[in-house]
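Survey of secondary and tertiary structure
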Amino acid sequence: MVDWNVIEEKWQKKWDDAGVFETDPIEGKSKYYLTVAYPYPNSPQHIGHGRTYTLTDVHARYRRMQGYNVLFPMAWHFTGTPVIAMVERLKNRDPRLLQTFLNIYNIPEDQLHELETSVGMATYFSQEIKLGMQKMGFSIDWRREFTTIDPYYSKFIEWQFKKLREKGYIIQGSHPVGWCPRCGNPVGQHDTVGDKEPEIEEFSIIKFRHNDTVYPAATLRPETVFGVTNIWLNPDVLYVEVKVDGETWIVSADAANKLQFLGHEVEIISEFLGSKLIGNNLTNPMTDDEIPILPATFVNPKNATGVVMSVPAHAPFDYVALEQLKNSPKQIFEKYGLRQSEISKLKPISLISIDGWGESASVDMVKKMGITDQNDPKLGKATKEVYSAEYHNGKLRSNTGQYANMTVENAKEAVQEDMISDGHASTMYDLIEPVQCRCGSDVIVKIFENQWFINYGDQGWKALAHENLNNMEIIPKELRREYDHVIDWLKRKACARNVGMGTPLPWAPEWIIESLSDSVIYMSYYTVIKDINRIKPDAEKLTELFWDYIYLGLGDVEAVSNITEIPITELEKIREQFTYFYPLDARHSGRDLIPNHLTFMIFNHDAIFPRENWPKGIVVNGSVLMEGSKMSKSLNNIIPLATAIQQFGADPLRLSLMITAEPLKDADFSPELAKSIGDNLDKFYTNALQIAAIPIEDEIEYAEIDMWMLSRLQKYIKEANEAMIEMKVRKTIHSALYNLNQDLEWYMKRVAPQKLRNERKNTIQYVIRKVLETQVKLLTPFTPHLSEEIWEALGNEDFIAFEKWPIPDEKLIRQDTEELENIIRDSIEDVKKIINVTGITPYQISFYTATGWKWKVYMKALVLSQKGRLDIGTLIRDSFKDDELKARQKEIPALARTLVEDVKKTPVETVKRRLDMGVINEVNLIEDAAGFFQKEFGCDVKIYNESDPWVEDPANRAKRAKPYRPAIYVA
Ligand SMILES: [Zn+2]
């Protein structure tokens, strides 16, 4: 067994000693610049992280072999809440965190105290992660490493924010933001449990009344107020009577708390369970109808006000809950003092019609999906479908008064505006779905006064982002629409907070720039930081003038030099690094960052840099599952990267992470998979060493079968190339490793008898070596260490990492040869089948190839097929025009029937090729392979043309011969 770690360390040291991945501008050489999201060093990396970074490294190595001067740098995201949240949990001795740190990640207990400050933890884990990346063999230029709390970085971020503000993209104002009441901070995707984006929606609050008491029902569909049959309250949860801005409201206790954060004056008068109010009647402000309050358990008190208006004709939840109530046992009605006869009179009131749908979309959908319980998860889907159909195609019916005939889309706004101006409604911000802060507290919406925002809602800015996106390469390309959607949908984004590590807002230093805003153009910073670190200027002197010069070429270099005390030549050198490597060619990240980071990156580049420096591509990938399940600390199925490298080896691990799925899909990892891939690579390596040990002489003389192998090799090179363009790494690996290996195995079998002949030996060995060399190159991005090791064994002195990426040699593509070889492959299969069916141990196999007149008919069939006129009648008539064939009047129709069937199944390009190839001498072909057949089946092989006078045909099989399909007799 090979010791992967030994090979890996050997090559990592060699790469490192030679500094091969340290990249600087090379005049006249094209560059390729790619980056991947820098990690938050708040815990060690596990296998789940390995995928995104490995894919980036594969990409880097592939481009390098294509001849590009590739830059792949790395840095550390210290700023933001992820590190702080983790430090807090550690200081609080959170038992789950301790268990993870001590038992899963094996952090020595006596080192834990080092992790109790933000910088301490971030430093500790960044070193740990770096070591992991080095052991994975990532081809990173480490000279460009930095952290986001470095003084130079802060000056750079200040420059970014001043630029954004100059362009009018930073605004201050009141705005709803996701907020953690415990942490006292705005909350973004990176701050939440499960990385869920807190999505804020503005709900309509419709004021149903009982005397002077308001029941504020929250809805996203105010136009359906005309179809309300009742109000739902959850009988089992806590409601409160509160004074809200002078009115008396009934809302859930959760809602009362949230209303305060939304800027309302709230005073609690009394508390009670919802059940207390069931059975009371309310007035619908738009119809003046009296409607009852009824109980429903689906009502979530954390959702908006906890008061829900029931529109069974258009809301599946309401319909199911109402039907369920109607069918409840008597005790339920008694419990709430409800009259069953009254309830059963409540019928859906349809107020929206859709062409082609029934009276009520909701009722139809519920029946179609067979839903009977208000807690059935299918209701979510039913609701979405009904809403979407009605929103896009619905019109209001005549029972909606002045809104009749309006589209739902228009009526929604009109009804809402009218109700608000009449005092019947107001609005309330809330999250569409509940989200938890990393601290464990529920995220709520807070109206933020004087908050600083980046205004991604700016229409002109959105236009730039769309323009940039249109010119970008998006991989996987299916996701392009998702980016477009996010660009349209983004509004304001709170960009500062009052705690944490990071850069203060330059004009309001009490605010710290938050971590999804200080990480959007730092790809440019890698290009310049190496020289800045070498020159070590005073950070305070790196004012806007400096960054304007190195990034935008603005200003007078002499003046910049005077201010920064950096020599002009050095300034020019820094600028040259930027202009050489920018624009960014590919940004890698996980797919979950499309709604924020990746799209923010597009926006911010477009705001600050001229078009020629806008990013050119994004590559994202799905996540990693562990044996089919999501990886999570609670499931205890996390494997730290460091452990996995030690256990499986970096190359088997890299290959496992890449081979299980294309980028768009989630990859399913399992230890068994990594082990079996390790075994495969082990075999590949052993075999390669054997091949490498056999010397090759100059005399090469190809036989057909050699040409076949080389032609197949081109096919797989071609496939691998096509796949790599879209980073379809799974397909590349399959072509390069598994499919190619199968053909190589076939070739080895075919030439095994020939190898005994001295004059063939050398050529065969040459072909095998050629295949191996290509294969090793194609695998280099995936298994870089093993590839170097084999490359060295093959007698090469340079690193394979910089060898030329294989491209197909068109001259070696021999479709004809492959076509002929297929006859042999099919024949082998036929013989095997016969042996299987008959169960005999053969002592002789006879092949009978088709005679001349059959070929004539076959050629005619091919011609007809190409003209699109192939049918049995035409083929027979065509054949009878030929005198020789006419003489075979009796045999032709049967043959024509089977040939038409065969040719119809033949692909167009094969038909064309076979026509070009004409009549084939199948006897010669099979005779060449006779040794192979003999060896395969351990018996005698005879080959006849069916019309040979000396044919031996005891079982009368010869007449079954067809072109491309010899008849076979096994005895
Ligand atoms: Zn919190």
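In short, a report on the structure. Model, not experiment: these values are computed from the prediction.

What counts, and where the lines are drawn
Residues numbered from 1 in each chain as written. Predicted model: local features only at pLDDT ≥ 70, side-chain atom pairs only at ≥ 80, totals over all residues. Heavy atoms only, no water. Helix = DSSP H or I, 4+ residues; strand = E, 2+ residues; numbered from the N terminus. Contact = heavy atoms within 4.5 Å. Axes fitted to C-alpha atoms, helices over the stretch in contact; angles between N-to-C directions. Parallel < 35°, antiparallel > 145°, perpendicular 65-115°, else oblique. Nonpolar A, V, L, I, M, F, W, Y, C, P; charged D, E, K, R; others polar. Pairing = 2+ DSSP bridges. Patch = residues over 30% accessible without salt bridge, like charges linked within 9 Å, V, L, I, M, F, W, Y side chains within 5 Å. Areas by Shrake-Rupley, 256 points an atom, 1.4 Å probe, with all protein chains shown as cover. Salt bridge = Lys/Arg side-chain N within 4 Å of Asp/Glu carboxyl O. Lys, Arg positive; Asp, Glu negative; His and termini not counted. Charge placed at Lys NZ, Arg CZ, Asp CG, Glu CD. Phe/Tyr/Trp six-rings, centres within 6.5 Å; stacked < 30°, edge-to-face > 60°. Lys NZ or Arg CZ within 6 Å of the ring centre and 35° of its normal. Buried < 20%, exposed > 50% of the residue type's maximum accessible area, 1.4 Å probe, protein only. 1 Å grid on protein atoms, 1.4 Å probe; cavity = no way out; pocket = protein on both sides within 12 Å on 5 of 7 lines; lining within 4 Å. Points joined across faces, edges and corners; volume = space filled by probe spheres on them.

This part covers the environment of Y766. In this structure, Y766 sits in helix α26 (residues 758–779). Along the sequence, Y766 and N375 sit 391 residues apart, while their C-alpha atoms lie 69 Å from each other. With residues near it in sequence (within four places) discarded, Y766 still touches I696, I700 and Y702.

With their axes 9 Å apart at the nearest point, helix α2 (residues 47–65) and helix α22 (residues 650–659) run at an angle of 95 degrees to one another. The orientation of α2 with respect to α22, classified from their angle, is roughly perpendicular. From α2, I47, G50, R51, T54, L55, D57, V58 and R61 reach across to α22, where they touch L653, R654, L657 and M658. For the contact of α2 with α22, the residue count by class is 6 nonpolar, 2 polar and 4 charged.

It is the contact of α22 with helix α27 (residues 784–793), at a shortest axis distance of 7 Å, that shows an interaxial angle of 125 degrees. Accordingly, the angle class assigned to the pair α22 and α27 is oblique. Only P784, H785 and L786 of α27 make contact with α22, whose side of the interface consists of A650, D651 and R654. Classifying every residue of the contact of α22 with α27 gives 3 nonpolar, 1 polar and 2 charged.

Sheet architecture is open: 4 strands sit in the order β4-β3-β17-β19, paired in antiparallel fashion. Pairing within the sheet leaves two strands with one partner each, and these edge strands are β4 (185–186) and β19 (492–494). The pairing of strand β3 (residues 170–180) with β4 spans 2 bridges and is classified as antiparallel. Bridging across to β4, W179 finds its partner in P186. In the packing of helix α7 (residues 253–261) onto the sheet, the strands contacted are β3 and β17 (444–455), and the crossing angle to β17 comes to about 30 degrees.

Side chains of E627, D666, D668 and E672 sit close together on the surface and give a patch of like negative charge. Along the chain, the position of E672 falls in helix α23 (residues 671–693).

So, about the packing of aromatic side chains. Tallied over the entire structure, the rule returns 50 aromatic pairs. One Lys or Arg, R165, reaches over the ring of W507 and ends 4.3 Å from the middle of that ring. R825 extends its terminal NZ or CZ atom over the ring of W746, reaching a point 5.0 Å from the ring centre.

A full pass over the atoms with the stated rule returns 63 salt bridges. Residues E145 and K130 are paired through a salt bridge, measuring 2.8 Å at the closest nitrogen-oxygen approach. On the criterion of sequence distance, the pair formed by E145 in the loop between α5 (118–135) and α6 (151–166) and K130 in helix α5 is long-range, its members being 15 residues apart. Judged by relative accessible area, which is 24%, E145 ranks as partly exposed. R497 is the salt-bridge partner of D191, the closest N and O atoms lying 3.3 Å from each other. You can see D191 sitting in the loop between β4 and β5 (200–210) and its partner R497 sitting in strand β20 (residues 496–497), a full 306 residues away along the chain. On the basis of relative accessible area, D191 is assigned to the buried category, the value being 6%. Through salt bridges with shared partners, one network takes in E22, D24, D141, R143, R144, K530, D531, R534 and E570.

Further remarks concern empty space enclosed by the protein. Evaluated as defined, the whole model comprises 2 cavities of 30 Å³ or more. The volume enclosed by the largest cavity comes to roughly 60 Å³. Lining the largest cavity are 13 residues, with Y32, H59, E473, I475 and V619 sitting closest to its centre. Those elements that place two or more of their residues in the lining of the largest cavity are α2, β18 (473–475), β24 (617–621) and α24 (704–725). It is β24 that provides the largest number of residues to the lining of the largest cavity, a total of 3 residues. The residue makeup of the lining of the largest cavity, split by class, is 8 nonpolar, 2 polar and 3 charged.

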